[in-house]
Amino acid sequence: STRFAEGRWADAEALYDQALGLAIDVGDDELVGLVCQNQGALASMQGRLRDARSHYLEGIASCIRSGNRRNQATIYNNLGLVCSNLNEWMEAEIYFGRGIEIAEQIEDGAHIALLLVNRATPLIHLSELDRARESLARAEDAARRIDSHQALADVARVRGVLARREGDTEAARRHLAESVRIAAEAGLEYERGEALTELGVLYLEAGRAAEAIPVLRDARTALHGLGASRNVERVERLMAVASGGDGRGSGP
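What you see is a predicted model; the values in this text were computed from it and never measured.

Draft legend 1. How the structure looks around the packing of helix α3 (residues 29-45) against helix α4 (residues 49-66). The contact between α3 and α4 brings their axes to 7 Å, and the two run at 165°. What the angle tells us is that α3 and α4 run roughly antiparallel. Where α3 crosses over α4, the two elements pack in a sense that is left-handed. Between α3, through Asp-29, Glu-30, Val-32, Gly-33, Cys-36, Gln-37, Gln-39, Gly-40, Ala-41, Ala-43 and Ser-44, and α4, the contact on the second element is made entirely by Leu-49, Asp-51, Ala-52, His-55, Tyr-56, Glu-58, Gly-59, Ser-62, Cys-63, Arg-65 and Ser-66. Partitioned by chemical class, the residues of the contact of α3 with α4 number eight nonpolar, nine polar and five charged.

Put into structure tokens, the structure is as follows:
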């Protein structure tokens, strides 16, 4: 809604609650699913991740009843992202996997690419690095078929995270720089901000705090302009570490 886009979250939440009640009253499961999806997105933007997960789970149930498989794939992706943000990696991988199954069944290339690249992050944290590489390779193939710059930027970013995990600092830097380039050329500020954040983490972990600071400052500017408050908070924590000069970063 307009109120959501404008950051008027209290107003948006009240309208979503009203819309949900009306949708339930008339038995419109497809509308219930869409409202729950919006409620989940709103809660996630505000950092209320467990509330977001509850909304998404309710949305999945409604989408299953309505038979809307594309919305099912979307919500499974959102569930995976929320669980990733909660560091609940096994649950996240399961939700992404279910979303991939549905997206492949309905031949939705955009969702296939998105879900495959997102699944790589929990796989990295679960130390299933070969499966993460396979997921990223499949995501890149799917992204190139539909010419998705967003997915290609994400693939490069997560490859950078994977290379950093494996201790290959130079490969990580190349992948992250590629992600920044793709995102910048396509005007994808969120993806650019996320790639810059990971580049800042890489510099911090290498003990290069002075190089991390301008990169993180650029990331904060990009993400703040989008209202991505949770992401901005992470960047600011990293900037505080960089300013302290102790060279410690946080994980992906």
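Draft legend 2. Up close: the confidence of the model for the chain. Model confidence for the chain is summarised by a mean pLDDT of 88, while 86% of its residues fall at 70 or above. Here residues 1-7 is modelled with pLDDT under 50, and outside its nearest four sequence neighbours on either side it reaches 13 contacts, counting other chains as well. A low-confidence stretch, residues 245-252 stays under pLDDT 50, and its non-local contacts, those more than four residues away or across chains, total 22 contacts.

Draft legend 3. Looking closely at the side chain of Asn-77. As for its position among the elements, Asn-77 is in helix α5 (residues 69-85). Overall, Asn-77 belongs to the buried group, its relative accessible area being 4%. Residue contacts for Asn-77: discarding those within four places in its chain leaves Phe-96, Leu-114, Leu-115 and Asn-118.

Draft legend 4. Looking closely at helix α6 (residues 89-105). When the terminal C-alpha atoms of α6 are compared, their 24 Å separation across 17 residues agrees well with the 24 Å that a helix rising 1.5 Å per residue should span. Here α6 has its buried residues at Trp-89, Ala-92, Glu-93, Tyr-95, Phe-96, Gly-97, Gly-99, Ile-100, Ile-102 and Ala-103. Looking at the buried residues of α6, the elements they touch are α4, α5, α7 (109-125) and α8 (129-146). Within two residues after α6, Glu-107 carries a phi angle of roughly 55°, on the positive side.

Draft legend 5. Representation of the environment of Thr-74. By the secondary structure assignment, Thr-74 is in helix α5. Sequence separation between Thr-74 and Leu-115 is 41 residues, and the spatial gap between their C-alpha atoms is 8.9 Å. Those residues within four positions of Thr-74 in sequence are excluded, and the remaining contacts are Gln-37 and His-111. Within the local environment of Thr-74, its side chain forms a polar contact with the side chain of His-111, the two groups lying 2.7 Å apart.

Draft legend 6. Examining the pattern of salt bridges more closely. Going through the model one piece at a time under the given rule, you end up with 23 salt bridges. Between Glu-140 and Arg-159 there is a salt bridge whose closest N-O contact spans 2.9 Å. With Glu-140 in helix α8 and Arg-159 in helix α9 (residues 149-165), the pair connects residues that are 19 residues apart, well separated along the chain. For Arg-159, a relative accessible area of 23% puts it in the partly exposed group. Linked by salt bridges that have partners in common, Arg-50, Arg-53, Glu-88 and Glu-91 make up one network.

Draft legend 7. Main features of α9. Between the first and last C-alpha of α9 there are 24 Å, a value that for 17 residues agrees with the 24 Å anticipated at 1.5 Å per step. Most of α9 sits out of view: 13 of its 17 residues are buried.

Draft legend 8. Local environment of the nonpolar core. Judged by nonpolar contacts, the single largest core of 43 residues is most densely connected at Leu-79, Ile-124 and Leu-136. Examining the composition of this core, we find that eight residues originate from one element, α7, more than from any other. Those residues within four positions of Leu-136 in sequence are excluded, and the remaining contacts are Val-117, Ala-120, Val-155, Val-158, Arg-159 and Leu-162. In terms of nonpolar packing, the next biggest core, distinct from the first, is built from 24 residues, Ala-212, Ala-219, Met-239 and Ala-242 among them.

Draft legend 9. Examining the packing of helix α12 (residues 209-224) against helix α13 (residues 229-244) more closely. Packing of α12 against α13 leaves a shortest axis separation of 9 Å and a crossing angle of 160°. Considered as vectors, α12 and α13 are oriented roughly antiparallel to each other. By crossing handedness, the relation of α12 to α13 is classed as left-handed. Contacts between α12 and α13 involve Ala-209, Ile-213, Leu-216, Arg-217, Ala-219, Arg-220, Leu-223 and His-224 from the former and Asn-231, Val-232, Val-235, Glu-236, Leu-238, Met-239, Ala-242 and Ser-243 from the latter. Looking at the contact of α12 with α13, its residues break down into 10 nonpolar, three polar and three charged.

How each quantity is defined
Residues numbered from 1 in each chain as written. Predicted model: local features only at pLDDT ≥ 70, side-chain atom pairs only at ≥ 80, totals over all residues. Heavy atoms only, no water. Axes fitted to C-alpha atoms, helices over the stretch in contact; angles between N-to-C directions. Helix = DSSP H or I, 4+ residues; strand = E, 2+ residues; numbered from the N terminus. Parallel < 35°, antiparallel > 145°, perpendicular 65-115°, else oblique. Left-handed = near helix turned anticlockwise from the far one by under 90°. Contact = heavy atoms within 4.5 Å. Nonpolar A, V, L, I, M, F, W, Y, C, P; charged D, E, K, R; others polar. pLDDT = per-residue confidence, 0-100. Buried < 20%, exposed > 50% of the residue type's maximum accessible area, 1.4 Å probe, protein only. Expected span 1.5 Å × (residues − 1). Polar contact = N/O pair within 3.5 Å; in protein donor to acceptor, adjacent residues only side chain to side chain. Salt bridge = Lys/Arg side-chain N within 4 Å of Asp/Glu carboxyl O. Core = buried A, V, L, I, M, F, W, Y, C linked by side-chain atoms within 4.5 Å.

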